[in-house]
There are 2 protein chains.
Amino acid sequence: MYKVDVGKKILSANEEYAFKNSRFLTEQGKLCLNMISSPGSGKTTILTRTISELKDKIKIGVIEGDIQTDIDAEKIRATKAPVVQINTNGACHLSAAQVSSALENLPIDNLNLIFIENVGNLVCPSAFELGEAGKIVVLSVAEGDDKPAKYPAIFAKSKVLLINKIDLLQAAHVDFEIERVKADARKLNKGIEIFPISAKTGDGMTDWYDWLIKSVKNPRL
Amino acid sequence: MYKVDVGKKILSANEEYAFKNSRFLTEQGKLCLNMISSPGSGKTTILTRTISELKDKIKIGVIEGDIQTDIDAEKIRATKAPVVQINTNGACHLSAAQVSSALENLPIDNLNLIFIENVGNLVCPSAFELGEAGKIVVLSVAEGDDKPAKYPAIFAKSKVLLINKIDLLQAAHVDFEIERVKADARKLNKGIEIFPISAKTGDGMTDWYDWLIKSVKNPRL
């Protein structure tokens, strides 16, 4: 009997595009970061604030992945940053082929940093390399502190963990132990950088900005 | 060239098991609800509170789906409700075959209602029927009020939308218009029942309980 390993085949086709994207970004000397989280963790708010506050230091472009709508791309557009929208029409993650054509539609020469905002999903996007230099996982404190244990793959693979919405903690409305999340994430990934932030109030964003400014100078991380 | 439509094939194998589960549950006269949301929307807290507060009226069993760990199953077990844990080991949704074997391991004769707590993911689980009578989608106010527009499939398919963590709204820490969510969800799904609740404080839970008590008497919904 002839057995086709479909899972592996799909991943390989994706990997070819991911390799192509990675080579292109390396040749151009541009940093590319793939931002992954559950729906509503605050990816778009983090991006709009980061773009605005770093606009004199880093030129940022965005590839915006959504199942439907361009609600998020509109928010990015309001910051004047160049943005390319990809609608996956039901698919639960971006593919490297989609990112490849999005890269062709960004004014790459004018940019230092390309953020890919993946589809809101803590599971599937972690399995698909897009050619990025690193993954950024976002976890909002409203989601609970057991998430690194329950969804380990993305925490194991990310360069940075942004713990967002810490303003909700200060008001003590949410049960969430930052130290538990840090310990669980580091158990999976010794080198992960962790920044507790509030993209709403701006709290903690400076350390994240410093990491970005440093990383743009070394875009292979 | 011979083209294999893999997506369709996988769905059909799943549908066979879903049909089998559905027939079994109908014959037994048991209500089965498939609970779907992003990670951290509060599915487990809703279940533990519901089980405890309805324990004299409805006998509830739980099929607990997680990628890794039995953290949630332990919380259910503390309520004394029977629970079967399924670890998907990376897969982003439960399959009907997994639910089929879980059903064999529940004391079905002693139960009126089986909750399936799906893997935390607002996208993939909506495409896989498990044999349930209805889907319950949970959205926490911390996730934002644009989610029905951005992730329409699950809102279009669910019998009930639970808008959870409304305690965060009252403290005005979160920007979330309940009326926008209601309108967007009803645009996709005219008949959807919507209950704003806080599983933490108990606010709004009575309407949800009334719906469950009524539905257990008519388990095909």
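Above this note sits the structure.
Residues numbered from 1 in each chain as written. Chains lettered and ligands numbered in written order. Predicted model: local features only at pLDDT ≥ 70, side-chain atom pairs only at ≥ 80, totals over all residues. Heavy atoms only, no water.

We now examine the sheet that holds strand E1 (residues 31-36) of chain B. Residues and elements named next belong to chain B. Strand order in this open sheet of seven strands is E3-E2-E4-E1-E5-E6-E7, and the pairing throughout is parallel. Each edge of the open sheet carries a strand with a single partner, namely strand E3 (83-87) and strand E7 (193-196). Here the average twist between neighbouring strands, direction ignored, is 20 degrees. One ladder, built from five bridges, connects strand E2 (residues 60-66) with E3; its direction is parallel. By the bridge assignment for E3, valine 62 is matched with valine 83. (Pairing = 2+ DSSP bridges. Helix = DSSP H or I, 4+ residues; strand = E, 2+ residues; numbered from the N terminus. Axes fitted to C-alpha atoms, helices over the stretch in contact; angles between N-to-C directions.)

A few words on the environment of Gln85(A). Residue and element names in this part refer to chain A. With respect to the helices and strands, glutamine 85 occurs in strand E3 (residues 83-87). A C-alpha to C-alpha distance of 19 Å links glutamine 85 and asparagine 14, two positions 71 residues apart in sequence. Beyond its immediate stretch of four places on either side in the chain, glutamine 85 contacts Glu64, Gly65, Asp66, Thr69, Asp70 and Ala73. Within the structure, the side chain of glutamine 85 is placed 3.3 Å from the backbone oxygen of glutamate 64, a separation counted as a polar contact. Engagement of the side chain of glutamine 85 in a polar contact is seen with the side chain of aspartate 66, the distance being 3.4 Å. (Contact = heavy atoms within 4.5 Å. Polar contact = N/O pair within 3.5 Å; in protein donor to acceptor, adjacent residues only side chain to side chain.)

Glancing now at the packing of helix H2 (residues 43-53) of chain B against helix H9 (residues 205-216) of chain B. Residues and elements named next belong to chain B. The N-to-C vectors of H2 and H9 enclose an angle of 70 degrees; their axes lie 11 Å apart at closest approach. As far as their axial angle goes, H9 and H2 are roughly perpendicular. Two packed elements cross with a definite hand, and for H2 against H9 that hand is right-handed. Seen from H2, the contacting residues are Ile46, Arg49, Thr50 and Glu53; seen from H9, they are Met205, Trp208, Tyr209 and Leu212. Of the residues assigned to the contact of H2 with H9, the class counts are five nonpolar, one polar and two charged. (Parallel < 35°, antiparallel > 145°, perpendicular 65-115°, else oblique. Left-handed = near helix turned anticlockwise from the far one by under 90°. Nonpolar A, V, L, I, M, F, W, Y, C, P; charged D, E, K, R; others polar.)

The accessible area lost on association of the parts is a frequent measure of interface size. Facing 36 residues of chain A, the contacting portion of chain B comprises 36 residues. Carbon and sulfur atoms supply 59% of the area buried between chain A and chain B, which totals about 2,600 Å² over both sides. Together, Pro39(A), Lys150(A) and His173(A) form the three largest contributors to the area buried by chain A at its contact with chain B, with a combined 22%. A salt bridge links Lys75(B) to Asp146(A), with the nearest nitrogen and oxygen atoms 3.9 Å apart. Listed by contribution, the elements that provide at least two residues to the side of chain A that touches chain B are helix H3 (71-77), helix H5 (147-150) and helix H7 (166-170) of chain A. Looking at the side of chain A that touches chain B residue by residue, the classes come out as 16 nonpolar, eight polar and 12 charged. (Buried area = accessible area lost by both parts, 1.4 Å probe. Salt bridge = Lys/Arg side-chain N within 4 Å of Asp/Glu carboxyl O.)

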